[in-house]
Amino acid sequence: MKTPSELLSSVHRHLAANEPRLIGWRRDFHQHPELGNRETRTSGIVADHLDRLGLKVTTGVAHTGVVALLQGGRDGRVVGLRADMDALPITEQIDVPFRSHARTTYNGETVGVMHACGHDGHTAILMAVAEALAQHRNDLPGTVKFIFQPAEEGVPDGEDGGAAMMIREGVLDGPKPDIVMGLHLVSPVPSNQILFFKGPMLASSDVVSISLKGRQTHGARPWAGIDPIVSAAQIVLGLQTIVSRQVDVARQPSVLSVTILKGGIRHNIIPETVELGGTLRTFDESMRQDIHARIKRTAELIAASSGVQADVTVKTQYPVTFSNAELTERILPALQRAAGPENVRLGTKLMAADDFAFFGHHLPTTYFVVGCAPPDQDPAVGEPNHSPRFFVDERCLLLGARALSAAALDLLHGA
Ligand SMILES: [Zn+2]
Ligand SMILES: [Zn+2]
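Below: a short report on this structure. (Residues numbered from 1 in each chain as written. Chains lettered and ligands numbered in written order. Predicted model: local features only at pLDDT ≥ 70, side-chain atom pairs only at ≥ 80, totals over all residues. Heavy atoms only, no water.)

## Notes on the packing of helix α8 (residues 325-339) against helix α9 (residues 395-412)
Then, in step 1: Axis separation between α8 and α9 bottoms out at 8 Å; the angle between their running directions is 135°. By the criterion of interaxial angle, the relationship of α8 to α9 is oblique. Here the hand of the crossing between α8 and α9 comes out right-handed. Within the contact between the two elements, α8 uses L327, R330, I331, A334, L335, R337, A338 and A339 and α9 uses L399, R402, A403, A406, A407, D410 and L411. (Axes fitted to C-alpha atoms, helices over the stretch in contact; angles between N-to-C directions. Helix = DSSP H or I, 4+ residues; strand = E, 2+ residues; numbered from the N terminus. Parallel < 35°, antiparallel > 145°, perpendicular 65-115°, else oblique. Left-handed = near helix turned anticlockwise from the far one by under 90°. Contact = heavy atoms within 4.5 Å.)

Structure representation (structure tokens):
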């Protein structure tokens, strides 16, 4: 029987020896990205891999999710490890040999598809961790539940999916994990660094949709109709004054971004309608509700000033993601062993959101960030997640696998 430190060393040796395969998996996923609820190829590869490791595998959870159980040779806790598998409707601009040329349709439009949020890396890392832990199953105290989740970034209009749907379909039952843990690759944090968090770490996210209806007319005769384009422009600017002028910025951060602005077909036709969309990020429930009301009022009243009709909806999407402070304290030594103590630091709140938050409504969760930007790159010029130039320095993959496995072992050992 191995001591905990012998077990960790052996798991880390396995991961290091198999780093080229870890990188190979990530490149394969990168070259073949799939949008949320469409991860059939990805989840097929994941399920085959877990199957070959001799794990008990369930497929088709929340459409394309895969869940696998690794029963250790000794009694202990149940630790859930989660990776998300979906890509984004983005056309890749990074010139790597495994660049994505994938195209698909999303909400009726033809789009490029790209792993621009590092989920290819998350999936590959969790496959590597599953293999390394499975090789040591007799020495493992407890059970590891591997959760490969679809559709973290959201689903096409009218569909259901993601973490919340996995939970409804029983991912946290039989057996219920005592803890669920996850990680995220983030740029431009350097690829030798890990950020940990205590308490609220990722914002809530809400989907803003505004439909404007004017009256179509000739581009040369705007007075003969009602112009929804100008109204949209005024609304975009009006919305900017909510966070900057109307809410207490010292209380909690919030962000409101307009990310969709669609209208018109020809230079000489003022269109009948314009669609606006965006995202709201907050950390405080009362600020969240207050900003919802302000979005509605701002858009409706600006539209009304020129006779445009506005239909405004703000749909709550994900709650705030928490990293349980006590649990984070328990995995901190493992993160420090994996990265070196000088490379592990306390992160500040991120305005990104993650449906990992839903797991936290059912049990204690901890979530950490692994950097993926080249360490010698100036963070000020690094491309963030969701950029078409998002780049993963693949040294982060082994680090992520080392950190996740070390933290999982400590939690299984009852650290
Ligand atoms: Zn993302
Ligand atoms: Zn992501």
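## Topic: the coordination of the zinc ion (ligand 1)
Then, in step 1: At this site the zinc ion (ligand 1) is bound by C117 (SG), E153 (OE) and H386 (NE2), with donor distances of 2.0 to 2.2 Å.
Then, in step 2: Look at where the donors of the zinc ion (ligand 1) fall in the sequence and you get C-x35-E-x232-H.
Then, in step 3: Between the zinc ion (ligand 1) and the zinc ion (ligand 2), a spacing of 3.0 Å is present, and a bridge between the two is formed by C117. Taken together, the residues span a long stretch of sequence, with E153 in the loop between β6 (141-149) and α5 (162-168) and H386 in the loop between β18 (365-373) and α9 at a distance of 233 residues. (Donors = N, O, S within 2.8 Å, 3.2 Å for Na, K, Ca; no water.)

## Some details on the environment of V79
Then, in step 1: Summarising the element assignment, V79 is placed in strand β3 (residues 74-84).
Then, in step 2: Note on V79: relative accessible area 0%, which makes it buried.
Then, in step 3: Here V79 is in contact with T143, V144, K145, I179, L411 and L412, once residues within four sequence places are set aside. (Buried < 20%, exposed > 50% of the residue type's maximum accessible area, 1.4 Å probe, protein only.)

## Some points on the sheet that holds strand β10 (residues 204-213)
Then, in step 1: The four strands are arranged β12-β14-β10-β15 in an open sheet whose pairing can be described as antiparallel. Each edge of the sheet is formed by a strand with only one pairing partner; in this case those strands are β12 (255-263) and β15 (309-318). Across the sheet, the mean angle separating the axes of adjacent strands is 15° when strand polarity is ignored.
Then, in step 2: Across 10 bridges, the pairing between β10 and strand β14 (residues 273-282) is antiparallel. For L212, the partnering residue across the bridge sits in β14 and is V274.
Then, in step 3: Packed onto the sheet, helix α7 (residues 285-305) meets β10, β12, β14 and β15 and runs at close to 160° relative to β15. (Pairing = 2+ DSSP bridges.)

## Topic: the sheet that holds β3
Then, in step 1: Taken together, eight strands build an open sheet; the order of strands is β1-β2-β6-β3-β7-β18-β8-β17 and the sheet is mixed. If you trace the sheet from one side to the other, it starts and ends with β1 (56-61) and β17 (344-346), each paired once. Neighbour to neighbour, the strand axes of the sheet diverge by 25° on average, direction disregarded.
Then, in step 2: As paired elements, strand β8 (residues 194-196) and β18 share two bridges and run antiparallel to each other. Across the sheet, L195 pairs through a bridge with V369, a residue of β18.
Then, in step 3: Relative to strand β2 (residues 65-71), helix α3 (residues 40-52) is tilted by about 15°, and along the sheet it contacts β1, β2 and β6.
Then, in step 4: In the packing of α8 onto the sheet, contacts are made with β3, β7 (179-190), β8, β17 and β18, and the angle to β18 comes to roughly 30°.

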